[in-house]
Number of protein chains: 2
Amino acid sequence: MSLETLMSLLVVGSVAFDSVETPHARRERVLGGSAVFFSYAASYFTSVHLVGAVGEDWPAEHTRLLRSRRIDTSGLNVIPGGKTFFWRGKYLPNMNDRQTMEVQLNVLEQFNPVLPEAYRRCRFVFLANGSPANQIRVLEQLPGATLTVADTMDLWIRETHTEVLDMLQRIDGMVLNDAEAKLLTEDENLVRAGHKVLKMGPKFVVIKKGEHGAMFFSEHETYVMPAYPTERLVDPTGAGDSFAGGMMGYLAEQGNFDPRTLKTALAYGTIVASFTVEDFSLDRLRQIERGDIEKRMTDYRKMLSF
Amino acid sequence: MSLETLMSLLVVGSVAFDSVETPHARRERVLGGSAVFFSYAASYFTSVHLVGAVGEDWPAEHTRLLRSRRIDTSGLNVIPGGKTFFWRGKYLPNMNDRQTMEVQLNVLEQFNPVLPEAYRRCRFVFLANGSPANQIRVLEQLPGATLTVADTMDLWIRETHTEVLDMLQRIDGMVLNDAEAKLLTEDENLVRAGHKVLKMGPKFVVIKKGEHGAMFFSEHETYVMPAYPTERLVDPTGAGDSFAGGMMGYLAEQGNFDPRTLKTALAYGTIVASFTVEDFSLDRLRQIERGDIEKRMTDYRKMLSF
């Protein structure tokens, strides 16, 4: 087995068209989806294998864009006669809260993720939003994974609570946002909520707080990382998935997830997400290189030292 | 002039009875008020001179408590026939948002802060919540101050906007919370809002974000400090004033406010506030000593380094 495969990263999640409205601008049917933001963000650090489904309306240029970033799209299923997942959302003036105006599941309705044989040797695995049943199905195809991390959504916590609890016992790390953590634990205090999720099974838990950063919980550590402050907040869509992508990309690059590496990984996730929100879709990430991430990382380290 | 006076700290603000209800408990007419929380928090670092007004209902034991902490209460006016300011508030389940249920201004209605002669040599000055007209009156009595910092409230921003702008041109530093910063600048992005407040006059601006920490803005620096994560959130009342007290207390102790000292001062403010919220009124602060603050500060530094 090559080192490349050993250290590479697998993501299973949505590939989408997003229509986004903010108080200042709007975009129609731009490239989006959790697996897309995740894999692009991770691609600054490692090669990524993507699993997802799209319809026949999926433009070849989007696939070319992903491939240009070392993202393996051989696991991207084009469903004959199908239409790609579509999401329409609108951000409130605070740019942190949003309303989902329209969802067309389309090809995701029947999506059953089967991993290509080559993908099954990946050691670092991220299960982006998806039903816990599907997340478990993916885990079962990856008995040799080194690190498995999952995200979830309020919908799954509400409607498939038992399956979410089952999934939590099978993964190493959980990444979820503040509202989801409160819903899952029925606790309004995020520090207590983090510890409660930890008790549900995973070795570590990351709670994303949008513009307020992220909190980390493990048996021996609790810490908070603030978001990198940016004035140029254009569209928060994909920030959470980019955060996870930067984090997992760095872990896969380093080949381990010891406490020190994990903390640095959270910082990289924070920095990549701070770029994502500076424009719609992948537009800002397409302008930057690893050097831009490192430059901002240096500022961020300086910001946090006193 | 003694070094003690040169480095000591003056605060003008409210002294109050607070009735507080949280989802878990309630307390009636406990010791509160911006100047009380501020001066107690600052007393771990320096001596404090307090200016405020109370009524004849003020118990001598509260004054004794403050004096036991090197807080000079000779500027605390007991108004004959008057009643002490009273505030009743209720916290929502998230423990971050609160509703004011009742306010009795009482002696504060006519309060005109006149500083005792000895107070006029203080070099570090904090103007806690109060009308901007009163804040300006205090500043005019302190022409030789080294560092003047003020807080404000939504009420003053709405009803005495011109005076708030006047006050902002006369101070060195402004401390306000996120909602106030948005209201004052009509900008929902806190990074832009911070820079806009800076343009209104002060040399630096601190935006308090409650459980999410604080942001700092000066001509050359923008940074964020997360709150210290505590599970034991009992009552957030006084957190913002304790933050300011810890910050200003440390600055007065150091005798300067260069960028490096300011940053450490924000961290001390963060740590003192993290204790305040762990019980009602001053109950938690009364249990701790400087050593407890230093211990948590060491944890906090470790938390932010990677």
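Bear in mind that the values here come from a model prediction, so they are computed numbers and not experimental data.

Student: Any chance you could explain the confidence of the model for chain A here in plain terms?
Tutor: The predicted coordinates of low-pLDDT regions are not to be read in fine detail. For chain A, per-residue confidence averages 95 on the pLDDT scale, and residues scoring 70 or more make up 98% of the total. Across the assembled chains, the prediction reports ipTM 0.89 with pTM 0.93.

Student: When you look at the relation of the copies chain B and chain A in this model, what are you seeing that I'm missing?
Tutor: In this arrangement, two copies of a chain are superimposed by a rotation about an axis accompanied by a shift along the axis. Expressed as a screw operation, the relation of chain B to chain A combines 0.0 Å of axial shift with a rotation of 180°, fitting to an RMSD of 0.0 Å. Between the two chains, the operation in question is that of a two-fold axis. Most of the interface of chain B is mirrored in chain A, where 100% of its interface residues are also at the interface.

Student: What should I look at first to understand the environment of A:Val277 in this one?
Tutor: Residue and element names in this part refer to chain A. Structurally, Val 277 is set in the loop between α10 (259-276) and α11 (290-303). Since its relative accessible area comes to 9%, Val 277 is described here as buried. It is 32 Å that separates the C-alpha atoms of Val 277 and Glu 219, two residues lying 58 residues apart in sequence. Residues within four places of Val 277 in sequence aside, it is in contact with Thr 230, Arg 232, Leu 233, Val 234, Asp 235, Pro 236 and Ala 239.

Student: Explain the sheet that holds strand β4 (residues 48-54) of chain A here, please?
Tutor: Across a sheet, paired strands are connected by hydrogen bonds in the backbone, their directions being either parallel or antiparallel. Residues and elements named next belong to chain A. One open sheet holds the 9 strands; their spatial order is β5-β4-β1-β8-β9-β10-β11-β12-β13, and the pairing between them is mixed. On the outer flanks of this sheet lie β5 (71-78) and β13 (222-225), each paired with one strand and no other. Put simply, the sheet's adjacent strands are angled 15° from each other on average, direction ignored. Relative to strand β11 (residues 204-208), strand β10 (residues 173-177) runs parallel, the two being bridged by 5 bridges. Looking at the pairing, Gly 173 lines up with Phe 204 of β11. Sheet strands in contact with helix α4 (residues 132-140) are β1 (9-12), β8 (124-127) and β9 (147-150), and its direction is about 165° off that of β8.

Student: What should I look at first to understand the packing of aromatic side chains in this one?
Tutor: When we look at a pair of aromatic rings, we describe it by the centre distance and by the angle of the planes. All names here are of chain A. In this structure the tally under the stated criterion is 20 aromatic pairs over all chains. On the basis of an interplanar angle of 25° and a centroid distance of 5.8 Å, the ring pair of Phe 204 and Phe 216 is categorised as stacked. Residue Phe 204 is found in strand β11, and its partner Phe 216 is found in strand β12 (residues 214-218); the two are separated by 12 residues along the sequence. Assessed through its relative accessible area of 3%, Phe 204 is described here as buried.

Conventions we followed
- Residues numbered from 1 in each chain as written.
- Chains lettered and ligands numbered in written order.
- Predicted model: local features only at pLDDT ≥ 70, side-chain atom pairs only at ≥ 80, totals over all residues.
- Heavy atoms only, no water.
- pLDDT = per-residue confidence, 0-100.
- Least-squares fit on C-alpha atoms with pLDDT ≥ 70 in both.
- Contact = heavy atoms within 4.5 Å.
- Helix = DSSP H or I, 4+ residues; strand = E, 2+ residues; numbered from the N terminus.
- Buried < 20%, exposed > 50% of the residue type's maximum accessible area, 1.4 Å probe, protein only.
- Pairing = 2+ DSSP bridges.
- Axes fitted to C-alpha atoms, helices over the stretch in contact; angles between N-to-C directions.
- Phe/Tyr/Trp six-rings, centres within 6.5 Å; stacked < 30°, edge-to-face > 60°.

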